[in-house]
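In case you want the letters, here they are:
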Number of protein chains: 2
Amino acid sequence: MAVSEDLAAELERVLPDGRVVRDPDVIASYAHDEAEWAPYGKPAAVVRPRETAEVREVVAHCARRGVPVVPRGAGTGLSGGANAIDGCVMLSFEAMNEIVRIDPDERIAVVQPGVVNDDLRRACAEHGLWYPPDPASAPWSTIGGNVATNAGGLCCVKYGVTRDYVLGLEAVVGRGDVVRLGRRTAKGVVGYDLTGLMVGSEGTLGVITEITVRLRGARAAERTVVGYFDTLVAAGEAVSAVTAAGVVPSALELIDRHCLRAVDEWRHMGLADEGNVLLLGRSDAPGQAGEEEADAILRCFESAGATWSARSTDPEEAEALFAARRLAYPAVERLGPVLTEDVCVPRMLVPEMLGRIERIAAEHDILIANVAHAGDGNLHPLMIVDPDDDAARERAQVAFERIVDEAIGIGGTVTGEHGVGLLKRRGMAEEVGPVVLGMHQAIKQALDPAGIFNPGKVFA
Amino acid sequence: MAVSEDLAAELERVLPDGRVVRDPDVIASYAHDEAEWAPYGKPAAVVRPRETAEVREVVAHCARRGVPVVPRGAGTGLSGGANAIDGCVMLSFEAMNEIVRIDPDERIAVVQPGVVNDDLRRACAEHGLWYPPDPASAPWSTIGGNVATNAGGLCCVKYGVTRDYVLGLEAVVGRGDVVRLGRRTAKGVVGYDLTGLMVGSEGTLGVITEITVRLRGARAAERTVVGYFDTLVAAGEAVSAVTAAGVVPSALELIDRHCLRAVDEWRHMGLADEGNVLLLGRSDAPGQAGEEEADAILRCFESAGATWSARSTDPEEAEALFAARRLAYPAVERLGPVLTEDVCVPRMLVPEMLGRIERIAAEHDILIANVAHAGDGNLHPLMIVDPDDDAARERAQVAFERIVDEAIGIGGTVTGEHGVGLLKRRGMAEEVGPVVLGMHQAIKQALDPAGIFNPGKVFA
C-alpha cells in the first residue's frame, strides 16, 4: 500500500529512530482491542512515542495530511474504542510508562499514559497512599486507557471512577498544540472542566500525554462477606437489600454459575460446587464501624435467601475469591468470542434487570453469563457464542441491543464503565437523543477542526 | 427605554401572568450579585419562571432577538457572574424552588434550581441522608447557583465540591432546546461529560432547570479542635503539618484577627481576645479513628506553635465557632466594599502564600483580612477599602492582581470555588494561556450559536 508506505516514511523523517513500527505482523497486532465483535481496519502506521514532543509531531503531521490518529493503551478495551481505522496512525503508549512523580504531601501522582494501573497502585502503596480506580483489567490496562474510557472497577461503589481522581492532564489537541488542563491544587474552578471533558472521551478530542491524579491514604483492611444464592434474581435482591440498608460496601460483586464454572475449568477452584451465584461483599470502614457494616451485609445476604453465607475469616481465601472475580472475564473468553455488555441501572432495579437478562437469554436462545459490579448497578452480561455459528451470532446481536434498550427503559445507561467505542453507538444515540448527540458533534467539531482524533468512535 | 419596554411586553405575551417584573426598583435589585467591585449593566427585563417550559420560551425568544440571558440564583456570588448585562433578560429562579424528589434507596435528590442549599440539606437529614457541599452562603445560596459556580465549602477538604455530587441536569440550551444530561445511576460513561461541563460554566452554556444530586448517608458526629496562633504564617504551618501527617480533616478553617474583630464587633463573641489567628479543625471519622484524627490535628497545632489549643468538649461552643466562621464574610462586608480573592494553592504552600499576601498588603498599603478553607489551600484574602478613597481602590486592584499572579506562579489557581465571573477574567487568561482560552471560546460558540448565554462572563 503506497499511501501507508509514504506515511510511515514521512513519520520516520520527523521522529527519532525506532518509533515507527514497520513489521506488518507487529502492525497487525495493534489493529484491535478486546472487543472481538467490533469491526476494525488496517493501520497505515504504528508509532510508539517516548515523549510529548513526538506525539505533537505525529498529530501535527496527521492534521496536515488529514490522517486519523487512534491512541491506544494496553488494548484491553471492551468496546472497540481503540480499534484501528483504515489508514490511521495508531499511537501506542507502552514506551511512555514513567511514574513522573508521587507527592505524598499533596497526595498527587503525575504519570505518563502508558503506566500500568497496578504499577501505579504498587508505587503509591510504598508511600502509604492509594490510587482507588481498580478495573478488573488493572494488572494489564494503563492509566491512559483508564482515563480515555473513564474506567470503573470494584471499589467504585464506594470510591468513584477514574474521573473522580484526575486533577489535570497534558494533552496534544487541535492541529498539534500541547496544552495543560486542570490543576494540581485540591480545588479549582477556573473556566470549563476541560479535564473532565477529556476523561472518557475515548481519544476523540485529543491525545493525552500526561496525567495528574489525586490519591487517598491507605485504607483499613477490608472485611469480606461471602454469599451463595440459587438464582440471579435472589442475589440481585440481596444487592438491593444492602443498598436499602444504607450500607455503602467497599465492593459488592456478583459472579454467576457460568462464570464460576469457567474459572473452575481454568483454575480448578471448585467455586461452582458451593452454589449457583456468588456474591462478594466488602467493608473497609475502620474499627467497630467495619464490623457493623460486615454484619449488616451478612444479614442482607441471609434475608434474601442465601443458600450459604458467612463472613470470611481467612484473608487469603478472601483474596482468592476476588482474584477469581477478576479472572471471570478472561476465563469466559477462553470459551469463545464474547460480546460484552456494560449496562448500569438504578441499584434497586438490579434484580429486575437480572431477571430481564435471563428472559432475553432464553427468548433468543443465547448463553449469557453474568458478572457484575452489582453494588452500583453495573451489570456485565457476557454473550458467549460458537464463532462458526452465524445464526447464533445474529441472535446474540439482537439480544445485545434488547438488553441495552431495556436498561435504558428502566432508567439505566448503555455503559457504566467500558465506554461507547463502536459497539454501543446505537445505544448511545438512543439513550441521549438527537439534541444531546448534536451537542457532542458540535463539541467534537469545535475541538477537533481537522477531524483526526479517533473519528467515528462514540458517535458517527 | 423603548427596547426594554418592548422586550418586557413581548415576554409578557409568551409567559403566564406575573412572571415578568415591571417595577424599576425591583428590576434594579436584580442588577448585580455581591461582587461590589465588578461592573454591571441595566437589565431590560427580569423574569421569574415557575417551570421549565417558561424558561424555554424566554430562551427561544431571546435567541430570536439576540438578547443576552443572565441566570441568577440568590445573588450571593462573589465574582460578578450574575451581574446584569445592558439590555439582558435576568432569569431569576426563586419561584422554581421545589425539592422534586428524595430517593433514600438510590441516594439521590432531584431539585429545582431555586432550592436553597440549607433547605435541601435539612430535607435530606430527615431521611438520614446528607448533601455535603456547604458553601458559607448555604443559608441563602441556591443549588442552581452552587451548580453554576461549582461551589465549594467547608467540608470540601474531605468530601469534594458541588461537581462531585451532580449526577444529571435538565437544561435549556442552544436556541431553546430542553435537554437531559447525565444520569441517575451510580455510574455511567456514555458520551462526553456534558453534566460536568455545565457545572461551573457560570450560565455561559445554557440555563439549568433541574438538578439530580447524589447523597451520602448521615455521618458520625464531628470532633472539633481549636487553635490560636500569633501569626498567619504559623497558622499556615499548622495546616501544612496536618496535611503532612496524612490526616484528612472534615474541615480545616482559618480566620484571621481582622475577621475575628469584625465578627466580634457585630456579634460580641470575644473571639479576638483569645489570640490573633484562629484555626478550626474537625474530624468525622467514626469511633476510635475519629479520636485519633482529632488528637493528631491537636498535635499539629501544638507543634506549629499554637498560643492556645484544645479539643472542644462542648458541641454548642464548637457550633458557635463554625457559625462565626460563616459570618466572617458578611461581618467584614459591614466595614465597607470588599474585594474578595479566592486563590487556591498546593496545600503545603499555604504558609508561603499567606506570607506573600501579608507582604503585598504592606507594600500596597491595603487592609487585607484573611479567611480560608485552609485545609485544601483555598484562601480568601478580603481587601477592605474606604469607598470614597479612589487611590486606595486603585491600590487594592493592583494588589488583587498581584495575589492572583503570585498564586499562579507557585502552582495555584485564580479561583478555588467562587468562579471567574467578571473579576477574574484577566487572571483566568493568564492561568490557562491562549490555546486553552481558545478551546473555551470554541466550546462556547459550538454550544451557544446565538451567543445569548451570559456573554462576556468567564472570558471575553
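Residues numbered from 1 in each chain as written. Chains lettered and ligands numbered in written order. Predicted model: local features only at pLDDT ≥ 70, side-chain atom pairs only at ≥ 80, totals over all residues. Heavy atoms only, no water.

Per an unreviewed UniProt entry, the recorded name for chain A is FAD-linked oxidase C-terminal domain-containing protein, and the organism is Actinoallomurus vinaceus. Its UniProt record gives chain A a comment under Cofactor (unreviewed entry), which states: "FAD". (UniProt positions renumbered as here; feature names shortened; annotations may be inferred.)

Undergrad: Is there a simple way to explain the UniProt feature "domain: FAD-binding PCMH-type" (unreviewed entry) in chain A in this structure?
TA: Within this structure's numbering, the places UniProt gives as "domain: FAD-binding PCMH-type" (unreviewed entry) are residues 39–218 of chain A. Along residues 39–218 of chain A one finds 22% helix and 26% strand; the C-alpha atoms at either end are 42 Å apart. (Helix = DSSP H or I, 4+ residues; strand = E, 2+ residues; numbered from the N terminus.)

Undergrad: What's the story with helix 10 (residues 287–303) of chain B in this structure? I'm lost.
TA: Think of an α-helix as 3.6 residues a turn; residues three or four steps apart then line up on the same face. Residues and elements named next belong to chain B. Between its terminal C-alpha atoms helix 10 stretches 25 Å, which fits the 24 Å expected from 17 residues at 1.5 Å a residue. Inspection of helix 10 places Gly-290, Glu-293, Ala-294, Ala-296, Ile-297, Leu-298, Cys-300 and Phe-301 among the buried residues, and these make up the whole buried set. Those residues of helix 10 that are buried are in contact with strand 12 (223–229), helix 8 (232–244), strand 13 (251–255), strand 14 (277–283) and strand 15 (308–311). Phi for Gly-305, located one or two positions after helix 10, is positive at around 90 degrees. (Expected span 1.5 Å × (residues − 1). Buried < 20%, exposed > 50% of the residue type's maximum accessible area, 1.4 Å probe, protein only. Contact = heavy atoms within 4.5 Å.)

Undergrad: I would appreciate a short explanation of the packing of helix 9 (residues 257–267) of chain A against helix 11 (residues 315–333) of chain A in the present structure.
TA: How two helices pack is summed up by the angle between their axes together with the distance between the axes. Residues and elements named next belong to chain A. The interhelical angle for the contact between helix 9 and helix 11, taken along N-to-C directions, is 85 degrees, at an axis separation of 8 Å. In terms of orientation, helix 9 and helix 11 fall into the roughly perpendicular class. Facing Cys-259, Ala-262, Val-263, Trp-266 and Arg-267 of helix 9, the residues of helix 11 in contact are Ala-324, Leu-327, Ala-328, Pro-330, Ala-331 and Val-332. Its residues placed into classes, the contact of helix 9 with helix 11 shows 10 nonpolar, no polar and one charged. (Axes fitted to C-alpha atoms, helices over the stretch in contact; angles between N-to-C directions. Parallel < 35°, antiparallel > 145°, perpendicular 65-115°, else oblique. Nonpolar A, V, L, I, M, F, W, Y, C, P; charged D, E, K, R; others polar.)

Undergrad: I would appreciate a short explanation of the pairing of strand 18 (residues 378–384) of chain B in the present structure.
TA: Put simply, side chains in a regular strand alternate between the two faces of the sheet. Residue and element names in this part refer to chain B. Most of strand 18 is tucked away: seven of the seven residues are buried. Along strand 18, one buried face is formed by Asn-378, His-380, Leu-382 and Ile-384 and the opposite face, lined by Leu-379, Pro-381 and Met-383, is buried too. Bridge count between strand 16 (residues 338–340) and strand 18: three bridges; the pairing is antiparallel. Considered in strand 18, the bridge of Thr-340 is made with Leu-382. (Pairing = 2+ DSSP bridges.)

Undergrad: Please clarify how the nonpolar core should be interpreted in this entry.
TA: Within soluble globular proteins, side chains that are nonpolar tend to cluster in buried spots. Ranked by internal contacts, the top residues of the largest apolar core, which has 185 residues, are Phe229(A) and Phe301(A). Apart from the residues within four sequence positions on either side, Phe229(A) is in contact with Ala234(A), Ala235(A), Ala238(A), Asn276(A), Val277(A), Leu279(A), Phe301(A), Ala304(A), Gly305(A), Ala306(A) and Thr307(A). (Core = buried A, V, L, I, M, F, W, Y, C linked by side-chain atoms within 4.5 Å.)

Undergrad: I tried to follow the sheet that holds strand 8 (residues 166–173) of chain A on my own but got confused; where do I start?
TA: Pairing between the strands of a sheet is mediated by backbone hydrogen bonds and can be parallel or antiparallel. Residue and element names in this part refer to chain A. Overall, antiparallel pairing links the five strands, which are arranged 5-6-10-8-9 in an open sheet. Of all strands in the sheet, those bounded by a partner on one side alone are strand 5 (99–103) and strand 9 (177–182). Mean inter-strand twist for the sheet, computed between neighbouring axes without regard to direction, equals 10 degrees. Across six bridges, the pairing between strand 8 and strand 10 (residues 207–214) is antiparallel. For Leu-169, the partnering residue across the bridge sits in strand 10 and is Ile-211. Against the sheet, helix 3 (residues 52–65) touches strand 8, strand 9 and strand 10, its axis set at about 45 degrees to strand 8. Relative to the sheet, helix 4 (residues 117–125) contacts strand 5, strand 6 (108–111) and strand 10, its axis offset from that of strand 5 by approximately 35 degrees.

Undergrad: Even after reading the chapter, I still don't get the sheet that holds strand 13 (residues 251–255) of chain A, so can you show me in this structure?
TA: Residue and element names in this part refer to chain A. Pairing is antiparallel in the open sheet, where seven strands are placed in the order 15-12-14-13-17-18-16. The sheet is open, and its two borders are formed by strand 15 (308–311) and strand 16 (338–340), each paired with just one other strand. For this sheet the average axis-to-axis angle between neighbouring strands, irrespective of direction, equals 15 degrees. Helix 12 (residues 350–363) rests against strand 13, strand 17 (367–373) and strand 18 (378–384) of the sheet, and its axis sits at about 10 degrees to strand 18.

Undergrad: What is the right way to read a negative patch on the surface from this model?
TA: On the surface, Asp386(A), Asp388(A), Asp389(A), Asp390(A) and Glu394(A) cluster together into a negatively charged patch. Mapped onto the elements of the fold, Asp389(A) is located in the loop between strand 18 and helix 13 (390–409). (Patch = residues over 30% accessible without salt bridge, like charges linked within 9 Å, V, L, I, M, F, W, Y side chains within 5 Å. Areas by Shrake-Rupley, 256 points an atom, 1.4 Å probe, with all protein chains shown as cover. Salt bridge = Lys/Arg side-chain N within 4 Å of Asp/Glu carboxyl O. Lys, Arg positive; Asp, Glu negative; His and termini not counted. Charge placed at Lys NZ, Arg CZ, Asp CG, Glu CD.)

Undergrad: What's the story with the pattern of salt bridges in this structure? I'm lost.
TA: A side chain of one charge can pair with a side chain of the opposite charge when the charged atoms of the two come close. Inspection of the entire model under this criterion finds 60 salt bridges over all chains. When the shortest N-O distance is used, the salt bridge between Glu319(A) and Arg326(A) registers 3.5 Å. For Glu319(A), a relative accessible area of 39% translates into the label partly exposed. For Arg326(A), a relative accessible area of 25% corresponds to the partly exposed category. Two residues, Glu401(B) and Arg426(B), come together in a salt bridge whose shortest N-O distance is 2.7 Å. Here Arg426(B) lies in helix 14 (residues 425–447) and Glu401(B) lies in helix 13 (residues 390–409), a separation of 25 residues in the sequence. Counted as one network, the salt bridges with shared partners bring together Lys158(A), Arg219(A), Glu222(A), Arg282(A), Asp284(A), Glu319(A) and Arg326(A).

Undergrad: Just to check I follow, could you spell out the interface of chain A and chain B for this structure?
TA: Interfaces are often sized by the accessible area lost when the parts come together. Between chain A and chain B, the residue contacts involve 72 residues of the former and 72 residues of the latter. A buried area of about 5600 Å², summed over both sides, lies between chain A and chain B, and 66% of it is on carbon and sulfur atoms. Contact with chain B buries surface across chain A, with Lys187(A), Val189(A) and Tyr192(A) losing the most and accounting together for 17% of the total. Counting across the interface, chain A meets chain B through six salt bridges. (Buried area = accessible area lost by both parts, 1.4 Å probe.)

Undergrad: Explain the relation of the copies chain A and chain B here, please?
TA: Between the two copies of the chain lies a relationship made up of a rotation around an axis and a movement along it. The transformation that overlays chain A on chain B combines an axial shift of 0.0 Å with a rotation of 180 degrees, and the residual RMSD is 0.0 Å. This pairing of chains is accounted for by a two-fold axis. (Least-squares fit on C-alpha atoms with pLDDT ≥ 70 in both.)

Undergrad: So what exactly am I meant to see when it comes to unusual backbone geometry here?
TA: With the exception of glycine, most residues fall at negative phi, and the peptide bonds are largely trans. A positive phi angle, near 55 degrees, is found at His268(A), a position not held by glycine. A positive phi is found at Val458(B), a non-glycine position, where the angle reads about 70 degrees. Of note, Val458(B) is situated in the segment after helix 14.

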